[in-house]
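The primary structure of each chain is shown beneath.
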Amino acid sequence: MPQDPIKKPLIDVLSGHRQAVPPLWMMRQAGRYLPEYRELRAKAGGFLDLCFTPEFATEITLQPIRRFNFDAAIIFSDILVIPYALGRSVRFEAGEGPRLDPLATPGEIATLATEANFDQLEPVFEALRRVRRELAPEIALIGFCGAPWTVATYMVAGQGTPDQAPARMLAYRHPDAFAGIIDVLVENSIHYLVGQLKAGADCLQIFDTWAGVLPPREFARWSIEPTRRIVAGVRKQVPGARIIGFPRGAAGMLPTYVEQTGVDAVSIDWTTEPSMVRERVQSRVTVQGNLDPLALIAGGATLDRAVDDVLENFGKGRLIFNLGHGILQETPIAHVEQMVARVRAYRG
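Residues numbered from 1 in each chain as written. Predicted model: local features only at pLDDT ≥ 70, side-chain atom pairs only at ≥ 80, totals over all residues. Heavy atoms only, no water.

## Considering the pattern of salt bridges
Going by this rule: Whenever Lys or Arg places a side-chain nitrogen within 4 Å of a carboxyl oxygen from Asp or Glu, that contact is recorded as a salt bridge. Relative accessibility under 20% of the residue-type maximum defines a buried residue, over 50% an exposed one, and the middle range a partly exposed one, all with a 1.4 Å probe and only protein chains included. Runs of E in the DSSP output that reach at least two residues are strands. Runs of H or I that reach at least four are helices, and both are numbered from the N terminus.
The tally for this structure, following the rule as stated, stands at 17 salt bridges. We note a salt bridge from Glu122 to Arg129, for which the minimum N-O separation is 2.3 Å. Overall, Arg129 belongs to the partly exposed group, its relative accessible area being 30%. Asp308 is paired through a salt bridge with Arg342; the nearest N and O atoms lie 2.9 Å apart. With Asp308 in helix α15 (residues 300-314) and Arg342 in helix α16 (residues 333-344), this residue pair connects regions lying 34 residues apart in the sequence. Linked through salt bridges whose partners overlap, the residues forming this network are Glu122, Glu126, Arg129 and Arg130.

See below:
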């Protein structure tokens, strides 16, 4: 008798099957809160050296799995590898975040290459192949990209800003030129995500970290529509590809985002109103989230209560337990262990 293939709880939930114990992982789970990451980072040199050395990226991806046995590993990389492969200068300066050469005018935008050099991203695909070989079969492997709007905000300003005003202003003043950046990012993100699936990713996440700064009309144009095009473009080449969207800060625009993008799941931040999500979002797709990363730092009874709130709000439906954004560097490892134990003890 042939054996049934080993099930991956996270992929089961993305496929529409609720789990009594929600599958669990954390955004930025491979990172600076882990001493083993800090040790490797000190050895490796620059941040991009970590991303583009398969041996390092594989090891970092697996570190949190060894410690916490999460239900998913997410490949260690960065949302700005696409601009890098498009020939833009991308630098990561200690304590300051990313720095790029800005595309601040229509003339500068006209210099943007239309096709990325995917040979430069081959180390990411190789790291995915290596991680897949080493992961237990029931653990899902997540590939990802930045959403075009969020990646464009860094390309326009040359860095992160408090509310990404430079990109918002450029999109208002020169919408056709700004659309040129978005179009390039859509096409190259499709190619990149399909490459990740072929290299062993089980599902994908599209990070739109800066979606929440957009008013409704601009949200529809610059967040929803490019994401819809990416989802459709990936599925044209890989039918049935499982995709999670994360339009951080989208709040009341979440139902429209889910309806129009075609994602299988939506990741929500900790400020999202639970009953609206249950009634208008979780009734359609899987919900991922939404523990406040500061509650994870706080620990103790505060953390228990915050974990219980997420489970009480969303555990009766399709849920992937996660944070509402990335884990913070100062988070104690013992608090992560406390969260994992409490989620795993849940029987919804």
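Still to come is the rest of the account.
## A short note on the UniProt feature "domain: Uroporphyrinogen decarboxylase (URO-D)" (unreviewed entry) in the protein
As a reminder, the rule being used: UniProt positions are given in the numbering used here, feature names are shortened, and annotations may be inferred rather than shown by experiment.
Taking the UniProt record as the reference, the feature "domain: Uroporphyrinogen decarboxylase (URO-D)" (unreviewed entry) is found at residues 23-32 and 142-158. The annotated region residues 142-158 carries 59% helix and 29% strand content, and the separation between its end C-alpha atoms amounts to 28 Å.

## Quick look at the side chain of Glu218
Short version of the rule: By the counting scheme adopted, Arg and Lys are positive, Glu and Asp are negative, and His together with the chain ends is not counted. In what follows, a contact means two residues having at least one pair of non-hydrogen atoms within 4.5 Å.
Topologically, Glu218 is positioned in helix α11 (residues 216-237). This buried residue, Glu218, is left without a salt bridge; Arg217 holds the nearest opposite charge, at 5.0 Å. When neighbours within four sequence positions are excluded, Glu218 is seen to be in contact with Tyr172 and Ser223.

## Thoughts on the UniProt feature "binding site: substrate" (unreviewed entry) in the protein
Heads up, the rule is: For each structure, a 1 Å grid was placed over the protein atoms alone; sets of points admitting a 1.4 Å probe that cannot get out are labelled cavities, open sets with protein on both sides within 12 Å along at least five of seven lines are labelled pockets, and lining residues have an atom within 4 Å of a point.
Taken from the UniProt record, the annotation "binding site: substrate" (unreviewed entry) applies to Arg28, Gln29, Ala30, Gly31, Arg32, Asp78, Tyr154, Thr209 and His325. Taken together, the annotated residues stretch across 298 residues and extend over separate regions, lying up to 22.7 Å apart by C-alpha. Checking the annotated residues one by one, the ones that line the largest pocket turn out to be Arg28, Gln29, Ala30, Gly31, Arg32, Asp78, Tyr154, Thr209 and His325. Note on placement: Arg28 falls in the loop between α1 (9-14) and α2 (35-44). Here Arg28 is in contact with Tyr33, His325, Gly326 and Ile327, once residues within four sequence places are set aside. Among the secondary structure elements, Thr209 is positioned in the loop between β5 (203-208) and α11. The contact partners of Thr209, leaving out residues within four places of it in the chain, are Thr150, Phe246, Arg248 and His325.

## Let's talk about unusual backbone geometry
In this model, Gly289 is joined to Asn290 through a cis peptide bond whose omega is -15°. For Asn69, which is not a glycine, the phi torsion comes out positive at approximately 55°. Within the element layout of this structure, Asn69 appears in the loop between α4 (54-68) and β1 (72-74). The phi angle at Gln164 is positive, at roughly 55°, despite the residue not being glycine. Within the element layout of this structure, Gln164 appears in the loop between α8 (148-157) and α9 (165-173).

## A few points about helix α10 (residues 175-198)
Stated formally: Each helix should span, by expectation, one fewer than its residue count multiplied by 1.5 Å.
Between the first and last C-alpha of α10 there are 34 Å, a value that for 24 residues agrees with the 34 Å anticipated at 1.5 Å per step. Among the 24 residues in α10, 17 count as buried, and that is most of the element. One or two steps after α10, the chain reaches Gly200, where phi turns positive at roughly 130°.

## Some words on the packing of aromatic side chains
Aromatic ring pairs are described here by two measures, namely the spacing of the ring centres and the angle between the planes. The test is simple: Pairing of aromatic side chains here covers Phe, Tyr and the six-membered ring of Trp, requires ring centres within 6.5 Å, and sorts the geometry by plane angle: under 30 degrees stacked, over 60 edge-to-face, intermediate tilted.
Enumeration according to the criterion identifies 11 aromatic pairs in this entry. Relative to Phe76, the ring of Phe47 has its centre 5.7 Å away and its plane inclined at 70°; by these criteria the two rings are edge-to-face. Here the residue Phe47 occupies a position in helix α3 (residues 47-51), and Phe76 occupies one in the loop between β1 and α5 (81-85), the gap between them amounting to 29 residues. Like Phe47, the residue Phe76 is buried in the burial classification. A centroid spacing of 6.3 Å and a plane angle of 80° characterise the contact between Phe207 and Phe246, whose relative ring orientation is edge-to-face. You can see Phe207 sitting in strand β5 and its partner Phe246 sitting in strand β6 (residues 243-247), a full 39 residues away along the chain. Exposure class is identical for Phe207 and Phe246. Each is buried. These aromatic residues form a ring-pair network of at least three members: Tyr37, Phe47, Phe76 and Phe92.

## A look at the nonpolar core
Short version of the rule: Among the buried residues, those of types Ala, Val, Leu, Ile, Met, Phe, Trp, Tyr and Cys that are joined through side-chain atoms within 4.5 Å form a nonpolar core.
By size, the foremost hydrophobic cluster in this structure holds 134 residues, and its most contacted members are Phe178, Ile181, Val234, Leu291, Val336 and Met339. Top element by residues in this core is α10. It accounts for 13 residues. Contact partners of Ile181, with chain neighbours within four places excluded, come to Leu103, Ile109, Leu112, Ala152, Met155 and Val156.

## Some remarks on the packing of α10 against α11
Basically, it comes down to this: Only the stretch in contact is used when fitting a helix axis, every axis being a line fitted to C-alpha atoms; angles between N-to-C directions are given from 0 to 180 degrees. Less than a right angle of anticlockwise turn of the near helix away from the far helix marks a crossing as left-handed, whereas a clockwise turn marks it as right-handed. Gly is put with the polar residues, along with every residue not named as nonpolar or charged; the nonpolar set is Ala, Val, Leu, Ile, Met, Phe, Trp, Tyr, Cys and Pro, and the charged set is Asp, Glu, Lys and Arg.
At a closest axis distance of 9 Å, the pairing of α10 and α11 adopts a crossing angle of 35°. Read as a crossing pair, α10 and α11 show a hand that is right-handed. Considering only residue class, the contact of α10 with α11 consists of 13 nonpolar, 3 polar and 5 charged.

## Re the pairing of β5
Moving residue by residue along a regular strand, the side chains alternate between the two faces of the sheet. As a reminder of what qualifies: Two strands are said to pair when DSSP picks up at least two bridges between them. A crossover gets the label right-handed when its path from the first strand over the helix to the second runs clockwise, viewed with the strands pointing away from the viewer.
Where burial is concerned, most of β5 is hidden: 6 out of the 6 residues are buried. Alternating residues of β5 divide into Cys203, Gln205 and Phe207 and Leu204, Ile206 and Asp208, and every residue in both groups is buried. Both strand β4 (residues 140-146) and β5 contribute to a ladder of 5 bridges, which runs parallel. Looking at the pairing, Ile142 lines up with Cys203 of β5. Of the crossover connections in this fold, the one passing from β5 over α11 to the parallel β6 is right-handed.

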